[in-house]
Amino acid sequence: MIIAVSSQGKSLKDPIDLRFGRAAHFILYDTASDEYRALDNDNNLNAAQGAGIQAAQAVSRGKAEAVITGHCGPKAFSALQAGGIAVYLCKENTVEEAIQAYKKGRLEQAEEADRSAHW
Amino acid sequence: MRLAIISGKGGTGKTTVAVNLALYLHREGEEVCLADCDVEEPNAHFFLDAAWSRENRQTVAVPEIDNAKCLGESCLQCVNECRFNSLIWMAERVMVFPELCHACGLCSFLCPVQAVDETTRDIGLVRRGKGLGVDICSGLLRIGEAMASPLIRRVLKSTPGQGIVIADAPPGTSCPVMETLRDVDYVILVGEPTPFGLHDFKIAVELVRKLGLALGTVINRDQMGDDQLEKYIRHERLPLLARLPYSRQAAAACSRAEPLLEAMPEFKEIYRNMWENLQKEMQAGGK
Amino acid sequence: MGKLAKRNAGRGQISIMQEIVVISGKGGTGKTSLVSGLAATGTRQVLGDCDVDASDLHLIMAPEILETHEFISGQQAQIDPDLCTGCGLCRAYCRFQAISEDYLVMEEYCEGCALCLHVCPESAVSMHDRHCGQWFSSRTRFGPMIHACLGIGQENSGKLVSIVRKVSHQTAQEKGAENVLGDGAPGVGCPVIASLSNADMALLITEPTRSAFADLRRVFDLTRHFKIPCLAVINKADLNPDITVEIERFCLEYGLGAPAKLPYDQDFTRAQIQGQSIVEYHPDKWTRPMQDIWKSAAEILKH
């Protein structure tokens, strides 16, 4: 299964980006093979609006079935929910730590957005 | 004739001027309609103690995708071309986020199979009524709705085509004010003689000049602060239509939402002069 | 909200910093005077002027600008007159009536949807970045300040406000500041929503007038919509004691607690003319009331 982690950089050692829509990158990590690739989120960084749902579309296209990020607004949340993508919110420092926490079942699935809509 | 009252800074007395001018003109036998375009915080009706005779819910068009017709992932023109990022491809269908939509119609134009229908999003109310004999149209933006301009357009549309229309603009100098200034014949800029008042006044002057509209000025709360506003008005050779004196009594009347023409009869003379000056300016093709 | 979401609803690694935004609904109620008064009595803070359309805070703060950045947001259409044949399709399709009779794009009405680009049979339309204003990172006598200036007649979409807030947060983190104090926009539309969303608390400044009370109810609805704790401040409380009582009753009824009250006082204008906060203008009189508001805010932030 592929999980998408919002990240400030392109490697597992990079810190998590707490933002979802305006994250610098997503790390798409395959839990079956332990392989990963980085997905650029450049286009969304400067979007006037709609960054959250565009990011949701991007991770869905990357075949992710779960997202690990810091915060998630209502529109992005409903987009991910529509795509059957589970959302896990976390405060771990690096992408690697977040993935480990996920694997050990230490992350709890979010039932709703933890942030209100913003621009 | 279509007039707009603007102020740059909020709380300068824009609504006070709009209401009292409308009331003065009505009492002089003119056919006048007050259009409250401050749809985020409409207050003019309080001063007229207006009763609404009609309330119409306003909507804007937003897309709805007919999934049976949609060509799906092989097309995605609507998703890819929307400049407002309001559509995405998710779970094998196009998903629309109406709150992001600007109702531009691009998706429906681009769709090769007419799969984009239009549904609606509620933006607020347009209310029509009367208070102290004056006709009033007023918009009320739905809480949580971000875009004021479409509702302002509806308010102005619902005003009569003849007589005098006085539009009470929102504060500031951004897009909702621009919307209010569409198709107006004359702009009255109300200023306050304070540093904040002067700063925002200057920006509003620039805006009106950019649009090439005729402009007259009013100093509200004259003597409240310093003389820099008046110096600026003189320096820029702007017509000064009236000065409204500053008093705590006037502030208290405004706090009770009483028109100054009612509470303080001496204001009638001031509005008479304001109107005469304005007419002179318009005849002279005032700038 | 799920348990985890709740645990994480704070600011994660930056949870020590709190953001307080002052909003008013109605303009002219003394919002910027209150912000500058609070700034003069606050410590370890970053100021963020979110009132980017009619920003006045800089008139008191006299910021020394350290960095200037262009603000580019969205695009606008341009029609090449050499290619345009005047067929009228763009004018017919544009829902914002942004194209003039002589086929010029009126930039003040163009929302940048690019429908004209697709409609034009002559490919005469191109899209260009829109310069909408500037934002600044500055130094003031009360701490760092982030502020902005929206271009005249530009769309205040809230994005510039979001930039001001984002940079204020970053600056607060860098400087280890405890508070971000924001001067919010008037109204209840985009700019206010952008000023408020995800703030830790809002100070609602109002005055005892029919208009301001009506506007207070609307901004209060907005803060509830966004689940933001608030404290009300009634400025010019003695101007109309009856309405002041009504506002106090409203605050208690809706769980806002007892509002702070400030008197109707010429010092607000006099201080402004001197380019000072009320606290600098008359420290004996205004230091205490401002400190009291900080204390009440701190109480609310604890919960």
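Scroll up to find the structure.
Residues numbered from 1 in each chain as written. Chains lettered and ligands numbered in written order. Predicted model: local features only at pLDDT ≥ 70, side-chain atom pairs only at ≥ 80, totals over all residues. Heavy atoms only, no water.

## Description of the overall build of chain A
Move 1: Helix and strand content of chain A: four helices and five strands.
Move 2: For chain A, the succession of helices and strands along the chain, N to C, is β-β-β-α-α-β-α-β-α.
Move 3: By the compact-globule yardstick of 14 Å for 119 residues, chain A fits well, its C-alpha radius of gyration being 13 Å.
Move 4: By its C-alpha atoms, chain A is 35 × 30 × 25 Å across when sized along the principal axes.
Move 5: Expressed as a percentage of its 119 residues, the buried residues of chain A come to 55%.
Move 6: In chain A, of all internal contacts separated by at least 6 residues, the share reaching a separation of at least 24 is 52%.
Move 7: With the model as given, the accessible surface of chain A reaches about 5000 Å², and the carbon-plus-sulfur share is 44%. (Helix = DSSP H or I, 4+ residues; strand = E, 2+ residues; numbered from the N terminus. Rg over C-alpha atoms; globule rule 2.2 N^0.38 Å. Buried < 20%, exposed > 50% of the residue type's maximum accessible area, 1.4 Å probe, protein only. Contact = heavy atoms within 4.5 Å. Areas by Shrake-Rupley, 256 points an atom, 1.4 Å probe, with all protein chains shown as cover.)

## Brief notes about helix α10 (residues 267-274) of chain C
Move 1: Asp267, Phe268, Thr269, Ala271 and Gln272 of chain C are the residues of α10 of chain C that are buried.
Move 2: Looking at the buried residues of α10 of chain C, the elements they touch are α7 (195-211) of chain B together with α2 (31-41), α3 (57-61), α11 (278-281) and α12 (283-302) of chain C.

## Some words on the sheet that holds strand β6 (residues 116-131) of chain B
Two strands in a sheet stick together by hydrogen bonds in their backbones, pointing the same way (parallel) or opposite ways (antiparallel).
Residues and elements named next belong to chain B.
Move 1: On the basis of which strands lie adjacent, the open sheet formed by nine strands has the order β3-β6-β7-β2-β8-β1-β9-β10-β11 and mixed pairing. Two strands bound the open sheet, and with one partner strand each, they are β3 (51-65) and β11 (240-245). Direction aside, the axes of adjacent strands within the sheet are offset by 20° on average.
Move 2: Where β6 meets strand β7 (residues 134-141), eight bridges bridge the pair, whose relative direction is antiparallel. Among the inter-strand pairings, Arg127 is bridged to a residue of β7, identified as Ser138.
Move 3: Helix α5 (residues 149-157) contacts β1 (2-6), β2 (32-36), β3, β6, β7 and β8 (164-168) of the sheet and is inclined by roughly 50° relative to β6. (Pairing = 2+ DSSP bridges. Axes fitted to C-alpha atoms, helices over the stretch in contact; angles between N-to-C directions.)

## Re the interface of chain C and chain B
Move 1: Taken together, the contact between chain C and chain B spans 62 residues of the former and 60 residues of the latter.
Move 2: Overall, the association of chain C and chain B removes approximately 5200 Å² of surface from exposure, summing both partners, and the carbon and sulfur fraction of that is 57%.
Move 3: The largest per-residue losses of area from chain C upon contact with chain B belong to Arg95, Ile152 and Arg218 of chain C, which jointly make up 14% of the total buried on that side.
Move 4: At the surface where chain C touches chain B, the tally comes to three salt bridges.
Move 5: Glu118 of chain B is paired through a salt bridge with Arg95 of chain C; the nearest N and O atoms lie 3.2 Å apart.
Move 6: Taken together, chain C and chain B are joined by 31 residue pairs in polar contact (both at pLDDT 80 or more).
Move 7: Within the residue set of the side of chain C that touches chain B, elements represented by two or more residues are α2, α3, α5 (115-119), α7 (190-196), α8 (210-225) and α10 of chain C. (Buried area = accessible area lost by both parts, 1.4 Å probe. Salt bridge = Lys/Arg side-chain N within 4 Å of Asp/Glu carboxyl O. Polar contact = N/O pair within 3.5 Å; in protein donor to acceptor, adjacent residues only side chain to side chain.)

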